[in-house]
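Structural features, examined
Read off the chains here:
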Amino acid sequence: MRKQKRKYISAGLMVLLLPLMLASLLTGCGKAGVQSGKTVKVPEFTGFEELNGKTISMVTGAPFEEMISQHVPEVGQFTYFTSLPDMILAVRSGKSDACLMNNAVAQLAVNREDALELFPKSLGDTAFGIAFGKGDERRQQWQEAYDSISEDEKEAMWRKWTGADENVKVLPEQDWPGTGGTVNVAACDTLEPMSYAGEGGDVTGFDVEMILTMAEKLDVRVKFTGMDFAAVLASVESGKADLGCGSIVVTDERKQAVDFVEYYPASFVLMVRSVSKEVPDDGGITSVAQLNDSKYTVGVGLGTSCERDVKNDLPNAQIMYIEGTEAYKAVQLGKVDAYACDYDQLRIANDNGVEDIRLLDETIGEGITVAVGISPVSGIPDLESRVNSFIDELRADGTLDDMYRRWLVDGDESIPDIPEPEDPEMHLIVGTSGVVRPFTYYVGTELGGYDIELAKRFAAYLNASLEFKVYDYGAIVMAAHSGDVDVVMADLNETPERSEAMIFSQPLMVQQTGLMVRDTESMGSSTVPAFADGVKESFVKTFVREERWKLFVEGIGITMLITVLSVIFGTALGYTTFMLCRNGNPIANTITRFTVWLVQGMPMVVLLMILYYIIFGNVSISGVPVAIIGFTLVFGASVYGMLKLGVGAVDKGQREAALALGYPDRRVFYRVILPQAIPHVIPVYRGEIVGLIKATAIVGYIAVQDLTRMGDIVRSRTYEAFFPLIAVAVIYFVLSAILTFFVDKLARLFDSKGRSREKILKGVRL
């Protein structure tokens, strides 16, 4: 019998896995590579009229049907999803034709997913907001805290979280005293890069760091609770949370329910599938003049001098903000038609093996000033004067020209011997990025480049010990402004905005803005990865990278906690209720019938939300106890019904005969009736447990990070459905099997057919 059960389990697993593996195989189980030939990826739809009759999706709780209908008057169908990954997968798989989201989430998704593209026309501009309860007086304090954050600091945060470098996406520690108490923040945990569950399951992202920055200024501590997007505003409205965040776009409708601190510009965009398009046989882009057309998109770094040059010289081109770490890949894949940056930097990248792109011979703009950034609050006295005097000396003795020739012309990647001070008089901290060749980059494990040599020479000039601090490029200005570093040496362009936050030295050099475009002649080809390779990559991304397997383990623990406690408490509740009602107590029966009707007639998700947001709305209680209470009520109602049916299946004559012999009612019930009723109850009881463990998948609506929720979180990071969904399905299968195994073991204790001959002959002792 046991061998037979194992066969059934194995067969069940195969039945479960086979169609999902086949579906993954058919859809490619991985990103498609750049196709061979002169093809580029473009949006499937490029005009609003093309979307008439199509299916357009949005996240539940995002009421933008009217806004879409203004542009697309004949939408075929609106569909709604509780999570962003599900919505993106619907577009990718063809179940939906377009999906609405904000610019931040959309841009990150498109950068990661070759099968998706941004619809080229925006639906409108607004702002991201942090939600407060209507009339909450604290909103003004948070508004003032936000206003005190410098624009450079905000921009640095934005570039940090929307960029491709995952290593810099770290939140600051809450190391301030917190004399103002603790605020509870409801945060959607699946909307990367604004707010999402990071390593370990804690909520992280642009919104989270922005709130922490404001909280430090207010000296309050912050507790973040991850939940579905649709639950965030409800939590704020009901008072369960003090603040709400998570890529919330401010609308007039939402302003009627909550107040906002508007903290960053936002726009509504549509994401659609990408299709391959043949490049005209004109040799691709061969001149700067070609790019001055609205059909071309030029990538630039936000706030750089190159952005200014592109706007001035190519006013008709569309601009996409993109960081250097992902810019070359964007050009290769055709996501942008050109990338503007320092000409020498692009030339060296092109000379060092970046494939399928080429540098246009022409430059744009009047030149980019590269200088040393100087902290206005450095502890080194008279630092600005010392930096300028140092540069004057290097220029006078020819060292500055020699450095330029070696690093930017000859490609000599070696730093001469520069003696370190034996008895330093001060300590110099230099901020750099480590990612801009040939200025600052890693050679093995050591920093090298033009700026690194410059820093070592300056330390020797000051007779100072030297320390490097490596930042994401966007955060360096903020580091200098706050005094975390004394100077910045990182191919730093001088701009008017940056000059408001820091002091610039005299120019080190003036560079031209170059343009990198796709090389359609030498464009290589790659194929869709083999199934085995795709599965391996998906497995690594789902379980290994960032130790995401820990998220699944945590989710299993929460799911089992809710299930086991609900079974125990529900069984006790159902049994106690039945005992109160079994002899026909009219009051107990009336209350029980009404409660069972109410609980069983209501969708489980609605019951949980009523408990969480209304009944316990003013009580400081987390979602896990509320989930246990809700499932206890439902399971208790089921147990009550099971016992009523099981006892009703026992012949009435047995009870009458035992009573006629003079035995008390309670003993008759426990010795005669209940043992015969239990075999009727156990099969249904087992099925209810299996149903309960699967029903817990909805607890994400009340901010509980169970197994299903963890699967959603992983998918929000990987944008892959295969392994996260397979893992969740198999784990639920295994957990159900474990629980039913223990129920079957328990059932054998009450199985009258399994009694030994000796026990049968003893009869029933009343």
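Above this text you will find the structure in question.
Summary of the structure given here.

Definitions and limits used
Residues numbered from 1 in each chain as written. Predicted model: local features only at pLDDT ≥ 70, side-chain atom pairs only at ≥ 80, totals over all residues. Heavy atoms only, no water. Helix = DSSP H or I, 4+ residues; strand = E, 2+ residues; numbered from the N terminus. Buried < 20%, exposed > 50% of the residue type's maximum accessible area, 1.4 Å probe, protein only. Contact = heavy atoms within 4.5 Å. Areas by Shrake-Rupley, 256 points an atom, 1.4 Å probe, with all protein chains shown as cover. Polar contact = N/O pair within 3.5 Å; in protein donor to acceptor, adjacent residues only side chain to side chain. Pairing = 2+ DSSP bridges. Disulfide = S-S within 2.5 Å. Patch = residues over 30% accessible without salt bridge, like charges linked within 9 Å, V, L, I, M, F, W, Y side chains within 5 Å. Salt bridge = Lys/Arg side-chain N within 4 Å of Asp/Glu carboxyl O. Axes fitted to C-alpha atoms, helices over the stretch in contact; angles between N-to-C directions. Parallel < 35°, antiparallel > 145°, perpendicular 65-115°, else oblique. Left-handed = near helix turned anticlockwise from the far one by under 90°.

Let's talk about the overall build of the chain
From N to C terminus, the chain includes 27 helices and 26 strands. The buried share of the chain, reckoned over its 766 residues, is 51%. For the chain, contacts bridging at least 24 residues in sequence account for 77% of all contacts bridging at least 6. Carbon and sulfur atoms provide 55% of the accessible area of the chain, an area that totals close to 35,000 Å².

Quick look at the environment of Thr 46
Among the structural elements, Thr 46 can be located in the loop between β1 (39–43) and β2 (55–59). Spatially, the C-alpha atoms of Thr 46 and Lys 121 are 7.7 Å apart, while their sequence positions differ by 75 residues. When residues no more than four places from it in sequence are discounted, the contact partners of Thr 46 are Phe 119, Pro 120 and Lys 121. Separated by 3.1 Å, the side chains of Thr 46 and Glu 50 make a polar contact.

Some remarks on unusual backbone geometry
Of note, the bond from Glu 192 into Pro 193 is cis; its omega dihedral lies within 30 degrees of zero at 15°. With respect to the helices and strands, Pro 193 occurs in the loop between β8 (190–191) and β9 (195–197). Positive phi values are uncommon outside glycine, yet Ser 247 reaches one of about 60°. Counting through the fold element by element, Ser 247 comes out in the loop between β12 (243–245) and α9 (252–255). Phi angles above zero are rare outside glycine, and Asn 463 is one such case at about 55°. The class for Asn 463 is partly exposed, based on a relative accessible area of 23%.

Considerations on the pairing of strand β26 (residues 509–518)
Burial runs high along β26: eight of the ten residues are buried. Sheet topology note: the strand β16 (residues 338–342)/β26 ladder contains five bridges and is antiparallel. When the sheet's bridge partners are listed, Ala 338 is paired in β26 with Val 517. The pairing of strand β17 (residues 357–359) with β26 spans three bridges and is antiparallel. Each residue of the ladder has a partner; that of Leu 359, found in β26, is Met 516.

A word on the state of the cysteines
In total, this model carries zero disulfides according to the counting rule given. Here Cys 306 stays unpaired: no disulfide links it, and the sulfur of Cys 341, its closest cysteine neighbor, is 5.1 Å away. In this structure Cys 306 comes out as buried when scored by relative accessible area, which is 3%.

Details of a nonpolar patch on the surface
Residues Phe 733, Val 734, Ile 738, Phe 741 and Phe 742 make up a contiguous nonpolar surface patch of about 460 Å² in total accessible area. Structurally, Phe 741 can be placed in helix α26 (residues 722–748). Of the residues examined, Phe 741 reaches a relative accessible area of 45% and is grouped as partly exposed.

Digging into the pairing of strand β18 (residues 364–374)
In terms of residue burial, β18 counts as a mostly covered element, since eight of its eleven residues are buried. Where β18 and β26 come together, four bridges link them in antiparallel fashion. Residue pairing across strands places Ile 364 opposite Thr 513, the latter belonging to β26.

With respect to the pattern of salt bridges
Following the criterion strictly, the structure yields 14 salt bridges and no others. Put simply, Arg 406 and Asp 402 hold a salt bridge, and the shortest N to O gap is 2.9 Å. Of the two residues, Arg 406 and Asp 402 both sit in helix α14 (residues 399–410), four residues apart, roughly one turn of that helix. Taking relative accessible area as the criterion, Arg 406 reaches 8% and is therefore assigned buried. Judged by relative accessible area, which is 26%, Asp 402 ranks as partly exposed. With a closest N to O distance of 2.6 Å, Asp 744 and Arg 686 form a salt bridge. With Asp 744 in helix α26 and Arg 686 in helix α24 (residues 665–695), this residue pair connects regions lying 58 residues apart in the sequence. Shared partners join several salt bridges into a network, and the residues in it are Asp 402, Arg 405, Arg 406, Glu 453 and Arg 457.

Looking at the packing of helix α23 (residues 652–660) against α24
Contact geometry of α23 with α24 gives a least axis separation of 10 Å together with a crossing angle of 150°. Between α23 and α24, the interaxial angle falls into the category roughly antiparallel. α23 and α24 meet at a crossing whose hand is right-handed. Touching Gln 654, Arg 655, Ala 658 and Leu 659 of α23 are Asp 665, Val 668, Val 672, Ile 673 and Gln 676, all from α24.

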